[in-house]
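Read off the chains here:
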There are 2 protein chains.
Amino acid sequence: MRITRHSDYALRTLMYLALKQGSVVTINEIAERYGISRNHLTKVVNRLHQLGYLRATRGKNGGLTLASAPGQISVGAVFRDMESSLAVVECVDEPGACVLSPSCRLQGLFNQAQAAFLAQLDAHTLADLLPPETGRQLRDLLAIER
Amino acid sequence: MRITRHSDYALRTLMYLALKQGSVVTINEIAERYGISRNHLTKVVNRLHQLGYLRATRGKNGGLTLASAPGQISVGAVFRDMESSLAVVECVDEPGACVLSPSCRLQGLFNQAQAAFLAQLDAHTLADLLPPETGRQLRDLLAIER
DNA sequence: CTATAAGATGCATGTTAAATGCATCTTTAA
DNA sequence: TTAAAGATGCATTTAACATGCATCTTATAG
């Protein structure tokens, strides 16, 4: 039971931007601080841009900024947008994957469980992840001076 | 966001046994009816046996039976036992995977969401998945005569 | 007592999605 | 016009998962 790094990197990127609100941040900076692949992060950022979560400026002195206030960005929304497939089990997506499908209650149960998972994420915004004291600690960990 | 086939096969196997309570069922039969790999299923069955969910008899006329009543078998318990890793994100397992870990609230949120997921599964037993009418339909789909 | 049918087990291989790397293009400002 | 930034497409690697194969063990029928 694992989610992809897309969602993880996406949320961490948005957190980084939120921690540095007011400045423009480059992909290189984020990749370095987190110690992750620049290439992969580029794609995640790109997708976040297309989805409208952040603003990206090309060229010299370019970089990224949050497109909305942290309190307006739902963790659940980001997750749904970034996770490639939301199907917990194969049979939910692919008709014919299991003979039981037409009457299977297990599918329904998995869907219910997933809904409960998403409901928790939906109940929180970026801002909830970054209360003042936590924000200070995270800036220290990321060596962000303000 | 996907779970492994271990859990899926395990639950489907237990459902099959529950639908055929009173008879002994072979791995071959289950694999054929579901159209899945006999080898893989063998390993799943083996694990279910070790965990005490089913009884296995070797040799001629051998086979499998449920070890307890369907109402006693929790879907959540089977899931926890069969899923190889319960960590939703890498950073929950592996210390040092992310610099934020010491103060990260995202981890906590993912743990909460996972708990909500598991709570749904915990609230149901095999018996809930197989009420009488559903049982009849599933037996038809599996070509189980009684 | 032996043939056969069942589960058990370990090792090897295949498969697939995810992650990463590389090269190149586009945009923008100094 | 050059350098710094994001954008994009293709190739490659990786790792988890799934599957296959061979062999062993156990038990029962005859």
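Rules behind the numbers
- Residues numbered from 1 in each chain as written.
- Chains lettered and ligands numbered in written order.
- Predicted model: local features only at pLDDT ≥ 70, side-chain atom pairs only at ≥ 80, totals over all residues.
- Heavy atoms only, no water.
- Helix = DSSP H or I, 4+ residues; strand = E, 2+ residues; numbered from the N terminus.
- Buried < 20%, exposed > 50% of the residue type's maximum accessible area, 1.4 Å probe, protein only.
- Contact = heavy atoms within 4.5 Å.
- Near = heavy atom within 4 Å.
- Polar contact = N/O pair within 3.5 Å; in protein donor to acceptor, adjacent residues only side chain to side chain.
- Least-squares fit on C-alpha atoms with pLDDT ≥ 70 in both.
- Salt bridge = Lys/Arg side-chain N within 4 Å of Asp/Glu carboxyl O.
- Core = buried A, V, L, I, M, F, W, Y, C linked by side-chain atoms within 4.5 Å.
- Axes fitted to C-alpha atoms, helices over the stretch in contact; angles between N-to-C directions.
- Parallel < 35°, antiparallel > 145°, perpendicular 65-115°, else oblique.
- Left-handed = near helix turned anticlockwise from the far one by under 90°.
- Nonpolar A, V, L, I, M, F, W, Y, C, P; charged D, E, K, R; others polar.
- 1 Å grid on protein atoms, 1.4 Å probe; cavity = no way out; pocket = protein on both sides within 12 Å on 5 of 7 lines; lining within 4 Å.
- Points joined across faces, edges and corners; volume = space filled by probe spheres on them.

Visitor: Account for the overall build of chain A, naming residues and giving values.
Guide: A count of helical and extended segments in chain A gives eight helices and two strands. Mapped from its N terminus to its C terminus, chain A presents α and β elements in the order α-α-α-β-β-α-α-α-α-α. Its C-alpha atoms put chain A at 60 × 35 × 25 Å along the principal axes. Per-residue burial for chain A yields a buried fraction of 49% across its 146 residues. Put simply, 66% of the contacts in chain A that link residues at least 6 apart link residues at least 24 apart.

Visitor: An account of the protein's contact with DNA strand D is requested, with residue identities and associated values reported.
Guide: Contacts to DNA strand D come from 29 residues, most closely from Asn46(A), Arg58(A), Arg5(B), Lys43(B) and Arg58(B). Protein-proximal atoms of DNA strand D, defined as those within 4 Å of the protein, fall in sugar or phosphate at a share of 75%. Side-chain polar atom of Asn46(A) to a phosphate oxygen of DNA strand D: 2.8 Å apart, as the coordinates give it. A distance of 3.3 Å separates a base nitrogen of DNA strand D from a polar side-chain atom of Asn39(B).

Visitor: Outline the relation of the copies chain A and chain B, supporting the account with residue identities and numerical values.
Guide: Of the transformation superimposing chain A on chain B, the axial component is 0.0 Å and the angular component is 180 degrees, with the fit at an RMSD of 0.0 Å. Here the symmetry operator amounts to a two-fold rotation axis. Of all interface residues in chain A, 100% are interface residues in chain B too; the two copies therefore contact each other through one and the same surface.

Visitor: Provide a residue-level description of the protein's contact with DNA strand C, including the pertinent values.
Guide: Surrounding DNA strand C, one finds 29 residues, the nearest of these being Arg5(A), His40(A), Lys43(A), Asn46(B) and Arg58(B). Within the contact set of DNA strand C, a phosphate oxygen lies 2.9 Å away from a backbone nitrogen or oxygen of Ile27(B). Here Lys43(B) contributes a side-chain N or O atom positioned 3.4 Å from a base oxygen of DNA strand C. Those elements that provide at least two residues to the surface near DNA strand C are α1 (5-19) and α3 (38-50) of chain A together with α3 (38-50), β1 (54-57) and β2 (63-66) of chain B. The leading source of residues in the surface near DNA strand C is α3(B), at five residues.

Visitor: Provide a residue-level description of the pattern of salt bridges, including the pertinent values.
Guide: Summed over the entire model, instances satisfying the criterion amount to twelve salt bridges over all chains. For Asp8(A), the salt bridge is made with Arg12(A), and the minimal N-O distance between the two is 3.5 Å. Of this pair, Asp8(A) and Arg12(A) are both found in helix α1, four residues apart, which corresponds to roughly one turn of the helix. Of the two residues, Asp8(A) and Arg12(A), both sit in the buried class. One salt bridge connects Glu29(B) with Lys20(B), and the closest N-O pair in it is separated by 2.6 Å.

Visitor: Provide a residue-level description of the nonpolar core, including the pertinent values.
Guide: Side chains of nonpolar character tend, in soluble globular proteins, to be buried together. Of all hydrophobic cores here, the largest spans 98 residues; its most connected members are Phe110(A), Phe117(A), Phe110(B) and Phe117(B). Not counting chain neighbours up to four residues away, the residues in contact with Phe117(B) comprise Met1(A), Val88(A), Phe110(A), Ala113(A), Gln114(A), Ala116(A), Phe117(A), Met1(B) and Phe79(B).

Visitor: With reference to specific residues and values, describe the packing of α1(A) against helix α4 (residues 75-82) of chain A.
Guide: Residue and element names in this part refer to chain A. Their axes nearest at 9 Å, the elements α1 and α4 cross at an angle of 140 degrees. Judged by the inter-axis angle, α1 sits oblique to α4. Handedness of the crossing formed by α1 with α4: right-handed. Every residue of α4 that contacts α1 at His-6, Ser-7, Ala-10, Leu-11 and Leu-14 is listed here: Val-75, Val-78, Phe-79 and Met-82. In the contact of α1 with α4, the residues fall into seven nonpolar, two polar and no charged.

Visitor: Give a description of empty space enclosed by the protein that names residues and reports values.
Guide: With the rule as written, the count across this model stands at one cavity of 30 Å³ or more. Lining the largest cavity are Asp8(A), Arg12(A), Val89(B), Cys91(B), Cys98(B), Leu100(B), Cys104(B), Leu106(B), Gln107(B) and Phe110(B). Those elements that provide at least two residues to the lining of the largest cavity are α1 of chain A together with α6 (105-122) of chain B. By residue number, the principal contributor to the lining of the largest cavity is α6(B), which donates three residues. For the lining of the largest cavity, the residue count by class is seven nonpolar, one polar and two charged.

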